[in-house]
Amino acid sequence: MEKLKVGIIGFGTVGTGVYKVLQTIDNIEIKKIAVKNINKKRNIENFDETILTNDAFQVVNDPDIDVVIEVAGGVNPAFDLLKTAINNGKHIVTANKELLAKEGSELFRLAKEKNIIILYEAAVAGGIPIIMPVKTTLSANKITKIAAILNGTTNYILTKMHEQNLSYDTALKQAQELGYAETDPTGDVEGYDASYKISILSTIAFNKKVSIDKIYREGITNIKPQDIQSAKDLGYRIKLIAMGQVLEDGKIDVRVHPMLVAKKHLLAKVNNATNSIMLTGYPVGELVLTGPGAGAEPTASSVVGDLLILASELKTSPCPLPQTVCNHEEIADQIEIGDTYNDYYISINASNNPGAIGIIGTICGKNNISISTIMQKGINPDNTAQIVVITEKSKESDVQNALKEMLKSDSIKNIDNLLRVMN
Ligand code: HSE
């Protein structure tokens, strides 16, 4: 039996997981692995260190290698490496969400020109199969909506804030100690990672190129214990939600931000580092896929699955099958956050003056905002009051205008938070 010969770029958590899973598979042979530090001690049984190289170009230029597995992450040098690999006729399996979100158009264009297959199941939600199902089994559908938890680190932090009443900083520290969050957690906590993933997923689900530059993004660093408590009091949980929807006029609304999610909603029940994706499409209806979004073994499940799809495909056909090609020439018409409609949670710090709630109500009314719930729990020791408002569906730009107007009033000291709500 002719074995498929692969080279791996990146030998960290995911690369090592992929290596281990490949030891259980007969028809694939690892020819080379590119690492950062060739002298590092590796705790792997019967490991042949002669396949290691610290020059990743040796992998992409090796004439014996059929497929390059890229699990190093980042745009540079991965972009140059994968372009070289494609130009050399090698197929690609990658978990690199940042690269695909930022440079996917160029990579897929080049791949099409060279008749090369790029598979990337592991780039979105780690071990959850979502890319291939959307491209194949669900291809009869018109998908109109995605609501998802696509980042395990932030879901872990928010879960701990809810369950153990931890501050954001303490929960982040715990996530770092457990290896979920990195030393520099920016990519996760500021929502970048989730925005790369939703740009990739919404592009294939809506069949139009969704630009990462036009995705509104807000992270979780501004969530305070008082927001978690108010959310609990009102029957919600706070989650970092990546969402995308096709509007009635065909425009596309894609964004990442924290939301108050009603306790009865399926996404509110997804805790710790778990990911979950809810898709709405016709004719399938509503579909939810939940599972591990990161980690060596779940991610290796997706990477090696892609590799086996490639292996069987290359055996039977000289040309890529349509579902393995990514071809989105139509550009999505993405709307700005100011034009979106949402229910809102507004946390307001007001002076303890008679009429403060009246002022909030009047300003909301003047800006077309209808209040559905208003909550104040007593007076703070500094003679201020925390007033929490939940609105009915309103336009974001109207809400922003209302908040500006509130801040002009002597009775309103601060807008502590503005979050969107999912019922
Ligand atoms: N850092 C990501 C997460 C996993 O926390 O979900 C890799 O994208």
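The preceding data block contains the structure.
Not measured: the values here are computed from a predicted model. (Residues numbered from 1 in each chain as written. Predicted model: local features only at pLDDT ≥ 70, side-chain atom pairs only at ≥ 80, totals over all residues. Heavy atoms only, no water.)

**Observations regarding the pattern of salt bridges**
For the record, the criterion: Salt bridge, as used here: a side-chain nitrogen of Lys or Arg that lies within 4 Å of a carboxyl oxygen of Asp or Glu. Put simply, DSSP marks the helices as runs of H or I at least four residues long and the strands as runs of E at least two long, and each gets a number from the N terminus on. Burial classes: relative accessible area under 20% of the type maximum marks a residue as buried, over 50% as exposed, and values in between as partly exposed (1.4 Å probe, protein chains only).
Enumeration over the complete set of coordinates arrives at 16 salt bridges. Here lysine 102 and glutamate 98 are joined by a salt bridge, their closest N and O atoms 2.6 Å apart. Residue lysine 102 and its partner glutamate 98 are both found in helix α4 (residues 97-114); the two are separated by four residues, about one turn of the helix. Residues aspartate 253 and arginine 255 are paired through a salt bridge, measuring 2.8 Å at the closest nitrogen-oxygen approach. Accessibility classification places aspartate 253 together with arginine 255 in one group, the buried group. Overlapping salt bridges bring together Glu106, Arg109 and Glu113 as one network.

**A look at the site of the ligand**
Formally: When we say a residue is near a molecule or strand, we mean one of its heavy atoms is within 4 Å of it. Think of a polar contact as two N or O atoms within 3.5 Å of one another; within protein, one of them needs to be a possible hydrogen donor and the other a possible acceptor, and neighboring residues in sequence only count if both atoms come from side chains. Accessibility throughout is a Shrake-Rupley quantity obtained with a 1.4 Å probe, and a residue counts as covered only by protein chains that appear here. Amino acid classes used here: Ala, Val, Leu, Ile, Met, Phe, Trp, Tyr, Cys and Pro are nonpolar; Asp, Glu, Lys and Arg are charged; the rest, including Gly, are polar.
Lining the immediate environment of the ligand, one finds Lys97, Asn151, Gly152, Thr153, Asp188, Asp193, Lys197 and Ala294. A distance of 2.7 Å separates an oxygen atom of the ligand from a polar atom in the backbone of glycine 152. Protein coverage of the free-state accessible area of the ligand, which is 260 Å², stands at 82%. When residues of the shell around the ligand are traced back to their parent elements, those giving at least two are α6 (152-164) and α9 (192-206). Considered class by class, the residues forming the shell around the ligand number one nonpolar, three polar and four charged.

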